[in-house]
Amino acid sequence: MKSPAFIQRLFTPAATTGSKPDRHTRKTVALCHALLSERGEASGAALAREALEAYGLLAGPALRAFFDVLAQEFSPDPDAVEDAASAYREDHSQSHLIRLQHVVESPRQELFRRLNLTTGGTAALVEMRRRLLRELREQAHWAGIDADLVHLLGSWFNRGFLSLQRVDWRTPALVLEKLMQYEAVHEIQGWQDLRRRLESDRRCFAFFHPALPDEPIIFIEVALTKGMSDRVQPLLDPDSPVVDPRGADTAIFYSITNCQEGLRGISFGNFLIKQVAEDLGREFPRLKTFATLSPVPGFRKWLSERAATHAELAELIEVLAAADWFESAAPSARVRTELMRLCAYYLQHVKHRNEPADAVARFHLGNGARMERLNWLADTSRTGMARSAGMMVNYVYRLKDIERNHEAYAKEQQVVASAGLSLLARGSLLARMKAGREK
């Protein structure tokens, strides 16, 4: 298989320098049509490689034109779909159902399957979706292309094809460099920082796919601790002492990163967390608690938006406006309490399409976790203060409750939270105002 560097070169925008987009688009489309009409496997693989190389030269208007053609010329035939649907409506026979299924599937799916015949095809299609997603919001007519890619990539990257591997200091440098590049929660500050995150009282696990052997799909970082951590800085300190992991009773999942933007929306996290918890439980029988230390990335933005329409929140916004508000002068107990209450309210009651507005909450609740505890000034980094006012959440994964919690969330969007967090939310200013209006 070609290396990821080959794929990167294949899709670099610089490759279009001096090119004529229309000519390259026409050539790519012609190769795709030829690939669909090819019957021989060997010649098909050669055509697939040629088509991907031609596609790799597209950028800007030429790339958009190619996606337009994919949407127009490689979609199902409306007349054939209507005829097959009418036949099946009149006679629910298996033959009519099979015919309907056949004509409903777009030629794009077969094209993508054939592109996948060549070495590096899978990586190229993941990259194709990444490029598609950048403009999908403005190009609604590309939705069918995205749906076809999601359908195929979801099958090719299902759990049965993924291997869970521990990443440690003996892992090839190429993969370690990728971890530093992809880390999206707590930036890795060089090799010393990375080495500390891979010491004996830490664990890092990643899913890999055989078609992308040096590319982590998703990875999770774990600290083995005594008790449930309420601050992330001690876990990230590269100079912190290494402790004996055999004395730990808690596994803290403090960072989880999806590495491949082209696989966005294809869920891996639930499988990863559950399997890592099971593996750690076998390695360290004394572990009793499996929990996260998670950010609340949308809290500050939401609070600022509410303050625009709720004058009662003005004092809190004024406190947070100072860059060093938590250092130069500790906020009053009342300010601290109200910020905690509002964050708990945001996590449990502010919605986006019937689900929590907070994306991290959606992820962990959807995986069957319980929202356990809110921690004050748990992340005092610039990012943590700007996004979450320094607050972080412990989500607890109890293996015996995961399926029940998952079902409650999937069917009813129920936020499974501890009594303490629920009480905290009910005491918030917004909750009190809402209760007053309802009386």
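Okay, so let's go over this structure. (Residues numbered from 1 in each chain as written. Predicted model: local features only at pLDDT ≥ 70, side-chain atom pairs only at ≥ 80, totals over all residues. Heavy atoms only, no water.)

**Observations concerning the environment of Leu100**
As a reminder of what qualifies: Helix and strand assignments follow DSSP, with helices taken as H or I runs no shorter than four residues and strands as E runs no shorter than two, numbered in order from the N terminus. Partly exposed describes any residue whose relative accessible area lies between the buried limit of under 20% and the exposed limit of over 50%, with all areas from a 1.4 Å probe on protein chains only and scaled to the type maximum. In what follows, a contact means two residues having at least one pair of non-hydrogen atoms within 4.5 Å.
On the secondary structure map, Leu100 appears in helix H6 (residues 94-104). We classify Leu100 as buried; its relative accessible area is 17%. Residues Leu100 and Val81, spaced 19 residues apart in sequence, show a C-alpha to C-alpha distance of 6.7 Å. Among residues more than four places away in sequence, those in contact with Leu100 are Val81, Ala84, Ala85 and Tyr88.

**Some remarks on the environment of Arg197**
Note the following rule: Here a polar contact means two N or O atoms within 3.5 Å. Within protein one must be a hydrogen donor candidate and the other an acceptor candidate, and residues neighboring in sequence count only if both atoms are side-chain atoms.
Its location among the elements puts Arg197 in helix H11 (residues 190-197). Note: C-alpha distance between Arg197 and Gly436 (239 residues apart in sequence) is 49 Å. Beyond its immediate chain neighbours, meaning those up to four positions away, Arg197 contacts Glu183, His186, Glu187, Ile188, Arg202, Arg203, Glu221, Leu236 and Tyr254. A distance of 3.1 Å separates a polar atom in the side chain of Arg197 from the backbone oxygen of His186. Engagement of the side chain of Arg197 in a polar contact is seen with the side chain of Asp193, the distance being 3.1 Å.

**What to know about the packing of aromatic side chains**
The condition is simple: Aromatic pairing here means that ring centres of Phe, Tyr or Trp (its six-membered ring) are within 6.5 Å. Orientation follows from the plane angle: under 30 degrees is stacked, over 60 is edge-to-face, and everything else is tilted.
Evaluation of the coordinates by the stated rule reveals 10 aromatic pairs. Look at Trp302 and Tyr346: their rings are 5.2 Å apart centre to centre, the planes differ by 35 degrees, and that puts the pair in the tilted class. Of the two residues, Trp302 is situated in helix H14 (residues 299-307) and Tyr346 in helix H17 (residues 333-349); the sequence distance between them amounts to 44 residues. The same class applies to Trp302 and to Tyr346, which are both buried. Put simply, the rings of Tyr55, Phe66, Phe67 and Trp142 pair up and form one aromatic cluster.

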